Amino acid sequence: MTRGLALSKLVLPAAIAALAASTFAVRANDTQITNAFRGALQNRTSSSPDEHLFVEKCGMCHRQMGMGTVILGRRMEPKVAMLEAREDLTAETVIASARMGIGNMPRISRGEVSDAQLARIAAYLAKAPGR
Ligand code: HEC
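This is a predicted model, so every value here is computed, not measured.

(A) Highlighting the environment of Arg-120. In this fold, Arg-120 is placed in helix H6 (residues 115-127). Look at Arg-120 and you get buried, because 21 C-beta atoms sit within 10 Å. For the pair Arg-120 and Leu-53, spaced 67 residues apart in sequence, the C-alpha to C-alpha distance is 8.1 Å. Setting aside its immediate chain neighbours within four residues, Arg-120 contacts Asp-50 and Leu-53.

Okay, here's the thing in structure tokens:
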């Protein structure tokens, strides 16, 4: 009895150590998918009131690591996955996309972003890139 107990005291920690080691082995191998934005934080800064509005209303999805950036990155050049890097956006496209929704983007109501605010955001994006 005491012998069995002593044995389990030895075996159990050994088993745990082996398990931990195998977990590390899985973590350390290089079959992992690399996230392009790994370690990056979203840049929430702005240098104009219109840019600030964009960051506040759209940035969570359309700046670094945002769902919009990730999804747009699948169907266009990654360097223009962020809306602010696009040169082809017109104010009309931006307004229509926001009001009707597009693909995986939900429509954005006037309660969330007023017409006046959306017009400012659209003008800001139509002027990009460079900001
Ligand atoms: C909840 C996340 C989310 C928010 C908030 C959001 N978007 Fe989007 N947006 C998306 C996604 C996802 C797509 C890509 C849709 C697809 O291709 O399926 C997208 C696509 C777009 C496109 C289309 C680009 C193209 O070339 O097709 C425009 C324009 C756009 N968003 C503008 C805006 C604006 C302006 C705002 C803020 C008022 C905004 N979005 C807020 C998720 C979001």
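Right, picking up where we left off after that structure.
(B) Representation of the site of the ligand within the structure. The ligand sits among 23 residues. The nearest are Cys-58, Cys-61, Gly-68, Gly-103 and Met-105. Going through the elements one at a time, helix H3 (59-62), helix H4 (67-75) and helix H5 (91-100) are the ones with two or more residues in the shell around the ligand. Residue composition of the shell around the ligand, by class: 16 nonpolar, six polar and one charged.

(C) Representation of the packing of H5 against H6 in the model. The contact between H5 and H6 brings their axes to 8 Å, and the two run at 130°. Our classification of the angle between H5 and H6 gives oblique. You can see that H5 and H6 cross each other, and the crossing is right-handed. Here Ala-91, Val-94, Ile-95 and Ala-98 of H5 lie close against H6, whose contacting residues are Leu-118, Ile-121, Ala-122, Ala-123, Leu-125 and Ala-126. Partitioned by chemical class, the residues of the contact of H5 with H6 number ten nonpolar, no polar and no charged.

What counts as what
Residues numbered from 1 in each chain as written. Predicted model: local features only at pLDDT ≥ 70, side-chain atom pairs only at ≥ 80, totals over all residues. Helix = DSSP H or I, 4+ residues; strand = E, 2+ residues; numbered from the N terminus. Buried ≥ 20, exposed ≤ 12 C-beta atoms within 10 Å, placed from the backbone. Contact = placed C-beta atoms within 7 Å. Near = placed C-beta within 6 Å. Nonpolar A, V, L, I, M, F, W, Y, C, P; charged D, E, K, R; others polar. Axes fitted to C-alpha atoms, helices over the stretch in contact; angles between N-to-C directions. Parallel < 35°, antiparallel > 145°, perpendicular 65-115°, else oblique. Left-handed = near helix turned anticlockwise from the far one by under 90°.

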